[in-house]
Amino acid sequence: MAVSPVLTASDVVNDAAVIPVIVVDDVSLAVPMAQALVAGGIRMLEITLRTPQALAAMEAISKAVPEACVGAGTARRAADVRAAADVGARFVVSPGYTAAVGQACRDAGLPLLPGVATGSEIMVAQEDGWDVLKFFPAAAAGGIPLLKAWQGPFSDVRFCPTGGISTSNAAEFLALSNVACVGGSWLTPAAVLAAKDWKTIQALATQASQIRRA
Ligand code: 3PG
């Protein structure tokens, strides 16, 4: 199924139950990595803006792997959002939230998963119109008990917990009614990327794409 040209945050979190959080150190690995992830059933790909190669990686994947849908992660400034939009990013994920990042996403027409870890942060993001939020750092900030506590006051918010999630606990997070999907770096381990072991990346993606929401 083709991904629609303009995405909403719900489109991003309702696709596979896992969004890979990807660090690219070598642009030449970006396209085969994305192809392996797509072959395993994962097409929403968060490329983190943590390396000098991130923007070039997003551009390469956007051009060469149309089945994938590239998002920019670790967006901390409005300029990050603009740079990512310029190279074809179609959604944005941030580790926290500022109004400037939110406005830049609106200006670029891109959905944002703003990072939150407290009730006040949820309220600020919601006030600005964002209601599909990244819960980061999920395990360190309170994990499943905190998500359960938020089900009362924030029953209209859906979360993508990220940080400390892996195959061992993803299903437990996904069993919660306010968890739309989870994010994690376990699908693209640095050593596996460096070894160009695309079979393993595909197998990790296949395994992740088979995890079911409750
Ligand atoms: C992130 O970088 O957004 C998360 O820290 C990814 O966390 P993980 O490496 O624990 O999956």
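Throughout what follows, the structure given in this document is the object of discussion. (Residues numbered from 1 in each chain as written. Predicted model: local features only at pLDDT ≥ 70, side-chain atom pairs only at ≥ 80, totals over all residues. Heavy atoms only, no water.)

**Section: the environment of isoleucine 165**
Here isoleucine 165 shows up in the loop between β8 (158–161) and α9 (170–174). The residues touching isoleucine 165, leaving out its near neighbours within four places in the chain, are Ala138, Ala170, Phe173, Val182, Gly183, Gly184 and Trp186. (Helix = DSSP H or I, 4+ residues; strand = E, 2+ residues; numbered from the N terminus. Contact = heavy atoms within 4.5 Å.)

**A look at the site of the ligand**
As a structural note, the neighbourhood of the ligand is formed by Val21, Arg50, Lys134, Phe136, Thr162, Gly163, Gly164, Gly184 and Ser185. Glycine 164 has a polar backbone atom sitting 2.7 Å from an oxygen atom of the ligand. Against a free-state accessible area of 320 Å², the protein chains account for coverage of 77% of the ligand. Of the residues in the shell around the ligand, the class split is 2 nonpolar, 5 polar and 2 charged. (Near = heavy atom within 4 Å. Polar contact = N/O pair within 3.5 Å; in protein donor to acceptor, adjacent residues only side chain to side chain. Areas by Shrake-Rupley, 256 points an atom, 1.4 Å probe, with all protein chains shown as cover. Nonpolar A, V, L, I, M, F, W, Y, C, P; charged D, E, K, R; others polar.)

**Description of the pairing of strand β7 (residues 132–135)**
Here β7 shows two buried faces, one formed by Val132 and Lys134 and the other by Leu133 and Phe135. Examined bridge by bridge, strand β6 (residues 115–116) and β7 share 2 bridges and lie parallel to one another. In the strand pairing of β7, glycine 115 is matched with lysine 134. After leaving β6, the chain enters helix α6 (residues 119–127) and then returns to the sheet as β7, a path that is right-handed. In this sheet, β8 lies alongside β7 in parallel orientation, the contact comprising 4 bridges. The residue bridging valine 132 from the neighbouring strand is arginine 158, located in β8. (Buried < 20%, exposed > 50% of the residue type's maximum accessible area, 1.4 Å probe, protein only. Pairing = 2+ DSSP bridges. Right-handed = clockwise from strand over helix to strand, strands pointing away.)

**A look at the nonpolar core**
Counting residues in hydrophobic clusters, the biggest one holds 65 residues, and the most contacted among them are Leu37, Ile47, Met58, Ile61, Phe159, Val182 and Trp186. If you tally residues by element for this core, the top one is helix α2 (residues 30–39), at 6 residues. Filtering out sequence-adjacent residues up to four positions away, isoleucine 47 remains in contact with Ile22, Val24, Met33, Ala54, Ala57, Met58, Ile61, Val70, Gly71, Ala72 and Gly73. Ranked by size, the runner-up nonpolar core spans 14 residues in total, among them Val12, Cys69, Leu113 and Val132. (Core = buried A, V, L, I, M, F, W, Y, C linked by side-chain atoms within 4.5 Å.)

Purely spatial values, then, with no claim about function.
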